[in-house]
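Survey of secondary and tertiary structure
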Amino acid sequence: MSDFEDGVMDKMAAHLSTSYTVLATVCLNLPIPVTLPTGAVSNVEVVPAIRRVMDIVEDQPMPQTQQATLFAVCAFWLAGMDIYSLLVHEEFNIARAHSVAANLLMAEDHLMDLTVWLADNQK
């Protein structure tokens, strides 16, 4: 890989990690807290955990809009991770790199909406 491609991959990995950390923090603050793996974790641990959040999102005692927002966060993050994995295992493609970034931006936008709702509805 070129230096440019290596730099892009490093930035995407950091972006995935940062957005996952925010998601893990948000999950701890849900009406029924959900603990995601944290610390030195790999996609082998976090991907199934996020899929599990998607499976149980309807169990959260919050309006459907917020449930859908949490579901969307997880779906966008997982899509970003899947596309990032393609970049790791296949030939680098800038369109894929942009797709990772787009998915993570959407996840973070939804995370912000959910964070605001949670802050406004703290008991």
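The sections below set out a description of the structure shown in this document. (Residues numbered from 1 in each chain as written. Predicted model: local features only at pLDDT ≥ 70, side-chain atom pairs only at ≥ 80, totals over all residues. Heavy atoms only, no water.)

1. Here's the deal with the overall build of the protein
Helix and strand counts for the protein stand at four helices and zero strands. Its C-alpha atoms give the protein a radius of gyration of 15 Å, near enough to 14 Å, the size a compact globule of 123 residues would have. For the protein, the spread of C-alpha atoms along the three principal axes comes to 50 × 25 × 20 Å. Put simply, the protein has 123 residues, and 39% of those count as buried. (Helix = DSSP H or I, 4+ residues; strand = E, 2+ residues; numbered from the N terminus. Rg over C-alpha atoms; globule rule 2.2 N^0.38 Å. Buried < 20%, exposed > 50% of the residue type's maximum accessible area, 1.4 Å probe, protein only.)

2. Digging into the nonpolar core
One finds M12, L23, C27, L30, L36, L70 and W77 to be the most contacted residues of the largest nonpolar core, which totals 38 residues. If you list the elements that add at least two residues to this core, you get α1 (3-28), α2 (43-56), α3 (64-89) and α4 (94-120). For L36, the contacting residues outside a window of four places in its chain are Y20, L23, A24, C27, A49 and V53. (Core = buried A, V, L, I, M, F, W, Y, C linked by side-chain atoms within 4.5 Å. Contact = heavy atoms within 4.5 Å.)

3. Points about the packing of α2 against α3
At their nearest, the axes of α2 and α3 sit 9 Å apart, and the two run at 150° to each other. In terms of their interaxial angle, α2 and α3 are classed as roughly antiparallel. The element α2 and its partner α3 pack so that their crossing is left-handed. Here N43, V46, V47, I50, R51, V53 and M54 of α2 lie close against α3, whose contacting residues are L70, F71, C74, A75, W77, L78, M81 and S85. (Axes fitted to C-alpha atoms, helices over the stretch in contact; angles between N-to-C directions. Parallel < 35°, antiparallel > 145°, perpendicular 65-115°, else oblique. Left-handed = near helix turned anticlockwise from the far one by under 90°.)

4. Things to note about the state of the cysteines
Across all of its chains, the model carries zero disulfides by this definition. In this structure C27 is a free cysteine whose sulfur lies 6.0 Å from that of C74, the closest cysteine sulfur available. (Disulfide = S-S within 2.5 Å.)

5. Let's talk about the side chain of Q60
Relative to the assigned elements, Q60 resides in the loop between α2 and α3. At 2.7 Å, the side chain of Q60 forms a polar contact with the backbone oxygen of I32. (Polar contact = N/O pair within 3.5 Å; in protein donor to acceptor, adjacent residues only side chain to side chain.)

6. Regarding the side chain of S19
Inspection of the secondary structure puts S19 in helix α1. Only 3.2 Å separates the side chain of S19 from the backbone oxygen of L16, close enough to count as a polar contact. Side-chain polar atoms of S19 contact the side chain of W77, separated by 3.2 Å. Those residues within four positions of S19 in sequence are excluded, and the remaining contacts are W77, L104, E108 and L111.

7. What to know about the environment of M106
Within the secondary structure, M106 sits in helix α4. Using a relative accessible area of 35% as the deciding quantity, one classes M106 as partly exposed.

8. A word on the packing of α1 against α3
One can describe the packing of α1 onto α3 by two numbers: an axis separation of 11 Å at closest approach and a directional angle of 155°. Comparing their axes, α3 and α1 come out roughly antiparallel. Two packed elements cross with a definite hand, and for α1 against α3 that hand is left-handed. Along the contact surface, α1 presents M9, M12, A13, L16, S19, Y20, L23 and C27, while α3 presents L70, V73, C74, W77, G80, M81, Y84, L87 and V88. A per-class count over the contact of α1 with α3 returns 15 nonpolar, two polar and no charged. (Nonpolar A, V, L, I, M, F, W, Y, C, P; charged D, E, K, R; others polar.)

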